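# Structural overview for review
For reference, the chains in residue letters:
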Amino acid sequence: CANLISGVRSRYWWQGELCRDEEVVLFMETTAEHVEAAARRLRELHSYDVPKIIVIDPASCDPDYRAWLESVTGPI
């Protein structure tokens with residue numbers, strides 16, 4: 001499962017300059033077992049030198065949602 005949120009305005013420092021860009025935020029969902037492989041593949045595909053990859057631990061995830069996620073998450 002993935003959600004794309006367009007129209008995000010980002011401000012950040014890069015190589016000594018303040019940058020202003022429009023970006024798309026991508027939320028991807030997978031199980032803990034697949035996080036490392038997913039992050040590795042995202043780094044390979046991303047156009048940025050340093051893509052923003054943040055992992056949120058879903059310890060309090062709704063049990064029914066987690067069961068669905070685990071049922072549809074196959075090998076990466």
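Our structure is the block above this text.
A few points on the structure. (Residues numbered from 1 in each chain as written. Predicted model: local features only at pLDDT ≥ 70, side-chain atom pairs only at ≥ 80, totals over all residues. Heavy atoms only, no water.)

Attention now moves to the pattern of salt bridges. If charged atoms from side chains of opposite charge come close, those side chains can pair. Within the structure shown, the criterion is met by three salt bridges. Here Glu-70 makes a salt bridge to Arg-66, at a shortest N to O gap of 3.0 Å. In this pair, Glu-70 and Arg-66 are both assigned in helix α2 (residues 63-72), four residues apart and thus about one turn of the helix distant. (Salt bridge = Lys/Arg side-chain N within 4 Å of Asp/Glu carboxyl O. Helix = DSSP H or I, 4+ residues; strand = E, 2+ residues; numbered from the N terminus.)

Now for the packing of aromatic side chains. Counted according to the given criterion, the structure contains one aromatic pair. Plain terms: the ring middles of Tyr-65 and Trp-68 are 5.3 Å apart, the flat faces sit at 45° to each other, and that makes the pair tilted. Remark: Trp-68 and Tyr-65 occur in helix α2; sequence separation between them is three residues, near one turn of the helix. A relative accessible area of 31% places Tyr-65 in the partly exposed class. (Phe/Tyr/Trp six-rings, centres within 6.5 Å; stacked < 30°, edge-to-face > 60°. Buried < 20%, exposed > 50% of the residue type's maximum accessible area, 1.4 Å probe, protein only.)

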